[in-house]
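# An overview of the molecular structure
Residues per chain are reported as follows:
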Amino acid sequence: MDGNRIPRTECAELNDPRPLVRPRLTLVIPTRNERESVPLLLRALEPAFGGLPVEILFVDDSDDDTPATAARHAPDCRLPVRMIHRESGAREGGLAGAVLAGARHARGEWALIMDADLQHPPEAAAALARTALGHGVDIVVGTRYAGSGSTGDGLDGPVRRLVSRGSTLLTKAAFPHRLAGVSDPMSGLFAFRTAAIDVDRLSPLGFKVLLELLVRHPGARVAEVAYRFAPRAAGTSKASLREGLRFLRHLARLRRPDPVAAHRPDEGRHAGTGRRDLGATARFLAFGLVGLSGIAVNTAALWFFHSVAGLQHLLGATLATQVSSLWNFALLETLVYRGGRGGDKRAVLVRGVAFLALNNLLLLGRLPLLQWLVDSGIGLLTANVLSLVALFVARFLFSDLLIYRTRRGDGARRDPVRVLVAPGSVPPGTTAPSPAETASSPAAASAPSGPAAAPGRHPKRPRYLTYRYDIAGTVTIGSQIRLPELEFFRAQWVPPDACDITVRVGDVGRRFPRHRAVMTEIPGRGGPQPTTVQYEEQLGRLGANFRVDIGDPIDVLVSPLLARSPHVVYTNVLEALLRFVLVARGRMLLHSATVELGGTGVMLSALTDTGKTSTVLRLLSEHDGRFLSDDMTVVDATGNALCFPKPLTISAHTLHAVRSDDLTPHEWRRLQRQSRLHSKEGRSFAFTLARHNLPIMGVNAVTQILVPPPKYAVDRLVSCRLSSAVQVTELFVIERGTPRLSDLGHDETVDRLLANTEDAYGFPPFRYFAPAITVDGLDHARLRSRERDVLSGFLSGVRTRVLASDRFGWADEIPRLLDADRPAVNGRPAHLVDGHPWPHWMPEAPEDVPPLPIRSGALPPHPALRTDSGAFRESDPDGRTP
């Protein structure tokens, strides 16, 4: 069937919903002789989808009175109901044709496909809809084979279950890459974003529309929602032997090249080469032939270095590896991949370095094997050949998938992290009762909670929160890990049981490795049961995993590996949570730098690696500025900026720009190494790795452990004073380029600053777990909306200008512009206002403006501290409470 030939049948409105709101999602429900099911379905859909902006669209191929039945019951439904009835001569494509016809007529930005016989429970379809509307994905699949999903009683007998499971395994074996991370590609319950799917490219046969949709769009972002397949409410199954044969024919056809893509000049070819890729089998065989020649070269080189040059055999094997690696790389470039991912000299050099690094990494595993074979009495040259053959498959896979990754389909690949929404599940590999279990069970309530509560598992693991922080008097954090980014906010007088966010260390996830990283979301049911998100990487409990129970308080549990890298814990997990808790309390964590120059609050915004940090340091050292922040600033809707003085991430170039002389020679040498790794190129390489199926959080954590980022307190770098808060009146968006100065409108400024802030959270896994965050009853969408409102209010009294420079001269231009704008008194510049004394969280408000409320614990300790309960607690001079 050609999707282009589907008749564009007119839709009939079956009711008059009030009020008529443009839907965001269209329920496409194919029907064929479903007159008994339709009334039951309409009654069940309304309460399940209450409050969601949806419409119902029946696509009917019935020969009975199903259309009349739907028209009779639709007026009783408060959701918009429409119907397309296809006459017997216009039913081309069967069920698949009905689905595509419904997708063409969908008024929502999403189309959700479900059966009319109630085997797809409306509650499950509603969970699917909420995931589609709340997550940044393109396809949402209802799965029976993951999390809390089950075939239940929906499949009639063991034969049907065996056929279903077998066809799923066959399908995944036929498309291991395109269906990676999808557990139920044969599902009939799914949704897709209409703008992300080319409907004209689809020509499915039979029931399996989702299968073709996934295969034809390998770059589409996918999430799964677990559900239990229910028994049929009425009617009979449409499955038959004929449909099974049609499925096999469809599967065989999908294995052939996409007929639509075949007409695209770049499809399936290397960019710039004009030649088709070798298939995986052909590449493996060609790689093997090159490898055989490399073994010969390696063996000859080892003989020379050991027998002729007299070198120790392991040293000889190391040098021989360098020779054979260069030989293999030259042949792979010219014969197998022929330019692979680009033929320019820089690309060849990058691939060459990566190939040498890979072979030397594998050499670390090969040398012990070589020594063991030699100690077992095997000759050196024979043992060398055996060790090379043993690592051949690993070398091919790493080279083919990472260094010479070829284009598949559209040149896109499936997202490396699998997203699963599993209502009613228990976090995988949980070793302790969740807060919900603790609250619901009297026995559990009296026992310790968290990791230590699991009998026989880490009985001595403490629960005490050693480090406590108070962020601008708004959010309190308790942690078992010292968080250097928040050291300025240390507040040991905050009671451990009064923290808004807690961070503890424990086992997260299942014990054994998995094929892909997975982010599991378990929606809460209100009350004591919070929403839980759990991120697990491929290494099982040895990986950089974490779990977040989004309740009150928000409880974070990080794995031991992740706990060894506090910078990764804070940047990739904690700061995202802090961001949204601040928003819920009327403040925003804005990606910007803020200084106070002569009593004027000045904010800087720029893209990464523009030169913002150097500019801030120069403004402080050369213009007697006061420091508030360099990376993130806490702002409110009244124009106030509160300090957020995280340690600055610097480079050797930055320090040379401000002539800092406090670092020791050892620190300077270490900074050279740190600057190379934690540079723009290093971050770009990390983002490239994140697109592959690698334990990227673990890689990041280990990297930060071995080579910590170059972070220093601002007053270690330059002599300056800090300011606790300031009223911002000037905002400069600094850019590189032809010198220019221009004003920026309010709305455009809001959009740019929001984009810059979002860009700061681009590294995984933020975008996978952010949609599940709910704080004080505000879901992710409403938190984002409130964040925009706070920023808009903050900017209402701020003048914004774009300042471009081609010589990094922003630190010279900004003071000159401020002096030109400062009013004169008797022909002389106005006297500069001294900054606020420290400590002082908020700027002094005008007499007619009441001060903003300050939460207890915001200021340094006093003889008596007020707790959240209203009681007073005595403290000693060191800030410790009894």
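Residues numbered from 1 in each chain as written. Predicted model: local features only at pLDDT ≥ 70, side-chain atom pairs only at ≥ 80, totals over all residues. Heavy atoms only, no water.

Right, let's talk about the pattern of salt bridges for a bit. Counted under the stated rule, the structure contains 37 salt bridges. The shortest N-O distance in the salt bridge between Glu758 and Arg579 comes to 2.9 Å. With Glu758 in helix H23 (residues 746–759) and Arg579 in helix H16 (residues 566–584), this residue pair connects regions lying 179 residues apart in the sequence. Overall, the relative accessible area of 24% leaves Glu758 in the partly exposed class. Arg579 gets classed as buried once you look at its relative accessible area, which sits at 1%. (Salt bridge = Lys/Arg side-chain N within 4 Å of Asp/Glu carboxyl O. Helix = DSSP H or I, 4+ residues; strand = E, 2+ residues; numbered from the N terminus. Buried < 20%, exposed > 50% of the residue type's maximum accessible area, 1.4 Å probe, protein only.)

Across the 5 residues that make up strand S16 (residues 554–558), a large majority, 4, are buried. Sheet analysis places strand S12 (residues 501–505) next to S16, joined by 5 bridges and oriented parallel. Residue Ile501 lies in a different strand from S16, and its bridge partner there is Ile554. Across 5 bridges, the pairing between strand S15 (residues 546–550) and S16 is antiparallel. Bridge pairing links Phe546 to Val558 in S16. (Pairing = 2+ DSSP bridges.)

For the rest of this paragraph, the subject is the side chain of Thr610. Considering the arrangement of structural elements, one finds Thr610 in the loop between strand S19 (600–605) and helix H17 (612–622). When residues no more than four places from it in sequence are discounted, the contact partners of Thr610 are Ile734, Glu735, Arg736, Phe808 and Trp810. (Contact = heavy atoms within 4.5 Å.)

Another aspect to go through is the confidence of the model for the chain. When the pLDDT values of the chain are averaged, the result is 80; 77% of them are 70 or greater. Confidence, expressed as mean pLDDT per element, reaches its minimum in the chain at strand S31 (residues 864–866) with 32 and its maximum at S12 with 97. Counting contacts from residues 261–277, a segment whose pLDDT is below 50, to residues more than four positions away or on other chains yields 26 contacts. (pLDDT = per-residue confidence, 0-100.)

Next up on the list: a nonpolar patch on the surface. Together, Trp303, Phe304, Val308 and Leu381 give the surface a local cluster of nonpolar side chains, amounting to about 380 Å² of exposed area. Tallying contributions element by element places helix H8 (residues 280–308) first for the nonpolar patch, with 3 residues. Structurally, the position occupied by Trp303 is in helix H8. Overall, Trp303 belongs to the partly exposed group, its relative accessible area being 46%. (Patch = residues over 30% accessible without salt bridge, like charges linked within 9 Å, V, L, I, M, F, W, Y side chains within 5 Å. Areas by Shrake-Rupley, 256 points an atom, 1.4 Å probe, with all protein chains shown as cover.)

A separate point is the packing of aromatic side chains. For the structure shown, the criterion picks out 12 aromatic pairs. With centroids separated by 5.9 Å and ring planes inclined at 40°, the aromatic side chains of Phe329 and Phe355 adopt a geometry described as tilted. With Phe329 in helix H9 (residues 313–336) and Phe355 in helix H10 (residues 345–375), this pair connects stretches of sequence that are 26 residues apart. This pair shows no difference in class: Phe329 is buried, exactly as Phe355 is. (Phe/Tyr/Trp six-rings, centres within 6.5 Å; stacked < 30°, edge-to-face > 60°.)

The topology assignment puts Ala48 in helix H1 (residues 37–48). Between the C-alpha atoms of Ala48 and Ala124, which are 76 residues apart in sequence, the distance is 8.7 Å. With sequence-adjacent residues up to four places away left out, Ala48 is seen in contact with Pro122, Glu123, Ala126 and Arg130.

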